[in-house]
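Residue strings, one per chain:
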Amino acid sequence: QVQLVESGGGLVQAGGSLRLSCVASGSINSINTMGWYRQAPGKQRELVARITSGGSTDYRDSVKGRFTISRDIAKNTVYLQMNSLKPEDTAVYYCNFKNIYVRKYDYWGQGTQVTVST
């Protein structure tokens, strides 16, 4: 079993920055993809960025050039650096660790609120 704890959310003005962190406890040997998702009120949860065990990254178009996902394997931690934040980035951000080939390995954090004011 893997437990995920996110931190780093908060209130920031448009144009500002935040860094989200997600620390995993438990065995993550079966995990091959780590990602950040977000869900705004009244909208579906959407993928923001992901990074594979091999280090490949993928971003949704609206955050390319502004957000950077990274990981610290020794600390079992994945980060999301968010720069040039916009009001439309406001959402609850969730960390996800999964194995894309084995469905039972799919873990979520509790979420952290990010609010970007104008």
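A brief structural summary. This structure is a prediction, so every number in the text was calculated from the model and none was measured. (Residues numbered from 1 in each chain as written. Predicted model: local features only at pLDDT ≥ 70, side-chain atom pairs only at ≥ 80, totals over all residues. Heavy atoms only, no water.)

Structural notes on the sheet that holds strand β7 (residues 67-72)
Then, in step 1: The strand order across the open sheet formed by four strands is β1-β3-β8-β7, and the pairing between neighbours is antiparallel. Across the chains shown, the open sheet's two edge strands, defined by having one partner strand only, are β1 (3-7) and β7. Each adjacent strand pair in this sheet contributes to an overall mean axis angle of 15°, direction not counted. (Pairing = 2+ DSSP bridges. Helix = DSSP H or I, 4+ residues; strand = E, 2+ residues; numbered from the N terminus. Axes fitted to C-alpha atoms, helices over the stretch in contact; angles between N-to-C directions.)

Some points on the packing of aromatic side chains
Then, in step 1: This structure, assessed with the given rule, holds one aromatic pair.
Then, in step 2: The ring of Y94 has R45 sitting right over it, with the charged end atom 3.7 Å from the ring centre.
Then, in step 3: It is R45 that lies over the ring of W108; its NZ or CZ is 4.7 Å from the centre. (Phe/Tyr/Trp six-rings, centres within 6.5 Å; stacked < 30°, edge-to-face > 60°. Lys NZ or Arg CZ within 6 Å of the ring centre and 35° of its normal.)

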